[in-house]
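Structural description and commentary
If you want the building blocks of each chain, they are given just below.
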Number of protein chains: 2
Amino acid sequence: MAATVTIASGATWQEVAADRQKHRDAKISVLEPPLLEIKDVPQYTIPLAKEYLTAEEVTITETPVEKLVPQLAKAELSTTAVTKAFLRRAGLAQKAVNCITELLPTRALERAAYLDTYLKENGKPVGPLHGIPISVKEHIGMKGLDLNAGFVAWVGRLGEEESHILQILWRAGAVFYARTTQPQTLMHLETSSNLYGVTTNPFNTTLTSGGSSGGEGALVGFRGSCLGIGTDIGGSIRSPAANNGVYGMKPTTGRLPVAGWMATMLGAEHIIPTIGPLSTSLEGCRLFIKTLIDAKPWYKEPSLLPFPWKEEDAFKGKKLKVAVLWDDGVVKPHPPVLRALNEVVEKLKAKGNVEVVEWKPYKHDLAWEIIANLYFCDGAAEESDAINASGEPWRPLSQFIIPQNPHLQPHTITSLWKANQARDGYKAKYAQLWNETATSEGVNGELDGMVDVILCPAGPGVAPKIDTAKWWGYTSQWNLLDYPALIFPVDKVDTAKDDVKEAYEPRNEKDKFNWDLWEKFGAEGYKDAPISLQLVGRRYEDEKVIQALEIIKEETGLPFVEYV
Amino acid sequence: MAATVTIASGATWQEVAADRQKHRDAKISVLEPPLLEIKDVPQYTIPLAKEYLTAEEVTITETPVEKLVPQLAKAELSTTAVTKAFLRRAGLAQKAVNCITELLPTRALERAAYLDTYLKENGKPVGPLHGIPISVKEHIGMKGLDLNAGFVAWVGRLGEEESHILQILWRAGAVFYARTTQPQTLMHLETSSNLYGVTTNPFNTTLTSGGSSGGEGALVGFRGSCLGIGTDIGGSIRSPAANNGVYGMKPTTGRLPVAGWMATMLGAEHIIPTIGPLSTSLEGCRLFIKTLIDAKPWYKEPSLLPFPWKEEDAFKGKKLKVAVLWDDGVVKPHPPVLRALNEVVEKLKAKGNVEVVEWKPYKHDLAWEIIANLYFCDGAAEESDAINASGEPWRPLSQFIIPQNPHLQPHTITSLWKANQARDGYKAKYAQLWNETATSEGVNGELDGMVDVILCPAGPGVAPKIDTAKWWGYTSQWNLLDYPALIFPVDKVDTAKDDVKEAYEPRNEKDKFNWDLWEKFGAEGYKDAPISLQLVGRRYEDEKVIQALEIIKEETGLPFVEYV
């Protein structure tokens, strides 16, 4: 293997990027049978799979995790066949929407062969994820592989060991076969970098796949992965999950292992990033989280909390109470989002098994000011250094969130403590509002009859046009509050149903920016884009959120469309 | 009531202090029957109670919480009688060892009357702490009462509402009747301020009561309280508990409610302070913590974790495994501490029901450097301002921990993040060492047969001479690691048994300072001082630590002496 071209070795940023892309392409070119080049990538790329892959590969890659697990465990499918199928579909996804930093065919197929042999010799799977291919966002370190976090200057840093999360998934039987794209700084709700360019949306390539786990979002949306790992500090799991019509969960902080990832701001604890799954199924997300927590990762990673995974049904003998947040009061969602939300709510009300109430948002504009002020407490010195060290240009959304961010402040310790207090005050107020939904209070102050979950948009629209994902509020709100939040697919933009023009006077500049996009592009501009929603729970009620979505799915028959 | 004299109103620091002391004395002078003045406070003050209080008052105040609770609930004792007894003994404690900032006779007796009436009318107690008097460290805010945190300049700040912890205890039936002293800055392991002077040790008034919850320690040690509330960021519950021969627990952070306390560095989250009980009994500590957690405080205070109190026996069908840390490798404990530790260990070994192994300390000097570097991240600007605003002098131990602290650093955001990473690296290493005590590892990485608790000194000696408490390592170690730690009484200094002189070559300056004290004062200098030890568990294993101490007490018959 040739040495990696790096800035440290004297290369220009363009040479570094070209070398990374060459490396990526080389790993795809060795796949067997070779993938044909796509002549013209269509705007709606989903049908490509049936054209370029075998029927068996299509079937395998469109099987959800919970069905693959027993088939693999019983050797009805070999891990080798599953791994090859996902490698090929991931390679195809790269050619379609540019979502891969590198495939790992050699180590993945060696691993698959080991697992197949193990199963044959032992008559049992190695663990609960035996043979499941898992894709990994690039900045989650893997031993001996590049770990650049989206910065050209960081190319050449190698993972020292497998990240903790990968160690546990490995023991459980996973196969790591693909690493995925992320944006410069990791702080966009899109995925564009000078190393790999722009990752687009497989449902509509004029749109973003979202970000920062946008490689994962696009890959899982394309079914080049059934289960991937993303990270989220403002929406980075949820925006790509929503944009690509898949499930994605940002758990409460402190539940899943994060040791071994690479990013700026390591050591910051003002707003804590999380790690979590993107999957083609809700059960895929659940199994992922449960497997990790069952391994008791807190013994090795002391920042984690020793909460076992709660298997008991939170809604046994109790009616689920859902509060609907239609609009955060800052940026009004585009019509397709409100249509889908309305359809879900109407179905829930019609069935009557779930109590539905309204959620009045409390100063989500202030919440954004607080979190945007706490993201880059060093004034983004680290990001600036990391970009400028190579001479690579600032991507538009890096400019948006750093030099153009009016809330960014180079904090002193004193101003940081004040900002933390503002954050904590806001959290306490939001908790109080949630407490006030209680219908009774016990003598010891126990609250009963509270709202269980908030049902809300995942963003101010479906997947945005490239470089327009500028309102984070629908996702960053729940990072500030550290509430678990789960994205789920509902529908797709329908150019007939969603061709709505309405007179609307925007409330502010952000709202105007968002509404102008709808005015300009309309339903046709977002054609075929998945419409997703978000379900949010109180801090550490991760299990409850998943259980609530299971109920909502059953009550409403979600999703309302097929995605592949 | 006359207006409080404050710096803002133009008073000197001496005038402010004199006014606070006058206020304190006035509240004692109204007690009925009046307390006689103590002619000469003896070095060993414990016998004063029998001399100055009625036999009934002595009996009541020497009854532990778990025995008071049923007597109060069955009206065998009235809350009024109990409150009066504790008010009088607290007043006496003030005269003996200067541990009170103010008594609250009016509100406490009104509360007592309410509780007595309630019980009569309803035939049942209001809650699990019906009628239990609880003493409160001054900086835990009470509505309308001064909240100065030990700074003269802050006198005149009033609590806006009852602190969250007090609200819950109130609902459970508590009576708040006494507020206790704390040192300037709250950052001494002793209790000396310019507002109230020095709080001394009731067992030996030449010694410190410890700190920063030293008013609580002295008061509970004197039996002027059976249950008090302290706070701890480096040993501030544990040093006074240990110095005064009582139980005291620093729980893991995030379990007990802290909203409403006043201190410098609010908004800091690098080293997180905790709140917890000091009590004459282990059961008092347990009941305090359990009552708070049963009230589910996490709904109102979002920084708290929704861990229910675990009632199940952690050692059912499993042998307790205790690791003994004799010496932290930095400062060797004085002979009485090692004698007591040895006696406990020998008794455990002799009985054979508990497995005893050795704990090798890992770089506790580095741990101190890390935590001392993270205490005052603003370079102690806030403390300096708070002291200098009134012109009050810097107390010797404020000088020790701030201007003379070689690890203190005015951090930038960047240096703070690096320091946090150093902290997290140390925590991970310590966790690894604990994991390595496992005797087996499951296929999913589960660890079995690990050490349950560490048994260790509570400090480098018994209660220190005034202004000599300079080695925090035996307590601050567990703040850095955020491990729950429980202090328990074992014995008292015995001038015969402990009159040990040994040739010892100190390892470093800190060790020399500590050893020189022993050389200079010997057993005679620390006569009658309680000897206490510390039991430490892994993060969030608070319940297990308490259960382990119950076992150790039963196995060894602790404590080995009577304290009153």
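Residues numbered from 1 in each chain as written. Chains lettered and ligands numbered in written order. Predicted model: local features only at pLDDT ≥ 70, side-chain atom pairs only at ≥ 80, totals over all residues. Heavy atoms only, no water.

1. Focus: the sheet that holds strand β9 (residues 247-250) of chain A
Residues and elements named next belong to chain A. Taken together, the eleven strands give an open sheet; going across it, the order is β1-β3-β2-β8-β10-β9-β16-β17-β15-β11-β12, and neighbouring strands pair in mixed fashion. Only two strands of the sheet have a single partner each, and these edge strands are β1 (100-103) and β12 (355-358). Strand-to-strand twist across the sheet, computed as the mean angle between neighbouring axes with direction ignored, equals 25°. Sheet topology note: the β9/strand β10 (residues 274-279) ladder contains two bridges and is antiparallel. From the neighbouring strand, Y247 faces β10, where its bridge partner is S279. The sheet contacts of helix α8 (residues 214-221) involve β1, β2 (133-137), β3 (175-180), β8 (227-232) and β10, and relative to β3 the element is tilted by about 120°. (Pairing = 2+ DSSP bridges. Helix = DSSP H or I, 4+ residues; strand = E, 2+ residues; numbered from the N terminus. Axes fitted to C-alpha atoms, helices over the stretch in contact; angles between N-to-C directions. Contact = heavy atoms within 4.5 Å.)

2. As for the domain arrangement of chain A
Residue and element names in this part refer to chain A. Split by domain assignment, chain A resolves into domain 1 (55-298) and domain 2 (321-556). On a C-alpha basis, the centres of domain 1 and domain 2 stand 24 Å from each other. Across the contact, 51 residues belong to domain 1 and 65 residues belong to domain 2. Taken over both partners, the interface formed by domain 1 and domain 2 buries close to 4800 Å², and the fraction arising from carbon and sulfur atoms is 59%. In this assembly, domain 1 and domain 2 are joined by two salt bridges. Our count for the contact surface shared by domain 1 and domain 2 stands at 40 residue pairs in polar contact (both at pLDDT 80 or more). Counting only elements with at least two residues in the side of domain 1 that touches domain 2, the list comes to β4 (192-193), β5 (197-198), β6 (200-201), β7 (204-208), α9 (238-243), β9 and α10 (282-294). Looking at side-chain class alone, the side of domain 1 that touches domain 2 contains 20 nonpolar, 23 polar and eight charged residues. (Domains from an automatic or database assignment. Buried area = accessible area lost by both parts, 1.4 Å probe. Salt bridge = Lys/Arg side-chain N within 4 Å of Asp/Glu carboxyl O. Polar contact = N/O pair within 3.5 Å; in protein donor to acceptor, adjacent residues only side chain to side chain. Nonpolar A, V, L, I, M, F, W, Y, C, P; charged D, E, K, R; others polar.)

3. Side note on the interface of chain B and chain A
Interface size, as often reported, equals the accessible area lost upon joining of the parts. Facing 43 residues of chain B, the contacting portion of chain A comprises 43 residues. When the two sides are added together, the surface that chain B and chain A hide from each other amounts to roughly 3800 Å², 58% of it contributed by carbon and sulfur. Taking the shortest distance from any N to any O, the salt bridge between A:E441 and B:R171 comes out at 3.0 Å. Our count for the chain B to chain A interface comes out at 16 residue pairs in polar contact (both at pLDDT 80 or more). Considering each element in turn, the side of chain B that touches chain A owes the most residues, eleven residues, to helix α15 (residues 413-435) of chain B.

4. Topic: the relation of the copies chain B and chain A
Put simply, the second copy of the chain is the first one after a rotation about an axis and a shift along it. Superposing chain B onto chain A requires a rotation of 180° together with a translation of 0.0 Å along the rotation axis, leaving an RMSD of 0.0 Å. On the angle and the small slide along the axis, the relation comes out as a two-fold axis. Comparing interface residues between copies, 100% of those in chain B also sit at the interface in chain A, which points to an isologous, same-surface contact. (Least-squares fit on C-alpha atoms with pLDDT ≥ 70 in both.)

5. A closer look at the environment of B:P361
Residue and element names in this part refer to chain B. Position of P361 among the secondary structure elements: in the loop between β12 (355-358) and α12 (364-374). With relative accessibility at 25%, the residue P361 sits in the partly exposed group. For the pair P361 and V258, spaced 103 residues apart in sequence, the C-alpha separation works out to 31 Å. The residues contacting P361, other than those within four sequence positions of it, are L325, D327, D328, G329 and Y430. (Buried < 20%, exposed > 50% of the residue type's maximum accessible area, 1.4 Å probe, protein only.)

6. Things to note about the UniProt feature "active site" (unreviewed entry) in chain A
All names here are of chain A. The UniProt feature table records "active site" (unreviewed entry) at K137, S212 and S236. The greatest C-alpha distance among the residues just named is 10.9 Å, despite their covering 100 residues of sequence, which places them together in space. Within the secondary structure, S212 sits in the loop between β7 and α8. Discounting residues that sit within four places of it in the chain, S212 has contacts with K137, T181, Q182, P183, L186, H188, L189, E190, T191, T231 and S236. For S236, the residues in contact, after removing those within four places along its chain, are K137, L186, H188, L189, G211, S212, S213 and T231. (UniProt positions renumbered as here; feature names shortened; annotations may be inferred.)

7. With respect to the packing of aromatic side chains
Inspection of every chain in the model, using the stated rule, returns 49 aromatic pairs over all chains. Residues B:Y430 and B:Y483 carry aromatic rings whose centres are separated by 6.4 Å and whose planes lie at 65° to one another, so their mutual orientation is edge-to-face. Placement of the pair is B:Y430 in helix α15 and B:Y483 in the loop between α16 (473-480) and β16 (485-492), with a sequence separation of 53 residues. With respect to burial, B:Y430 and B:Y483 carry one shared label: buried. Site record: aromatic cluster; members linked through ring pairs are A:W359, A:Y362, A:Y426, A:Y430, A:W434, A:W478 and A:Y483. (Phe/Tyr/Trp six-rings, centres within 6.5 Å; stacked < 30°, edge-to-face > 60°.)

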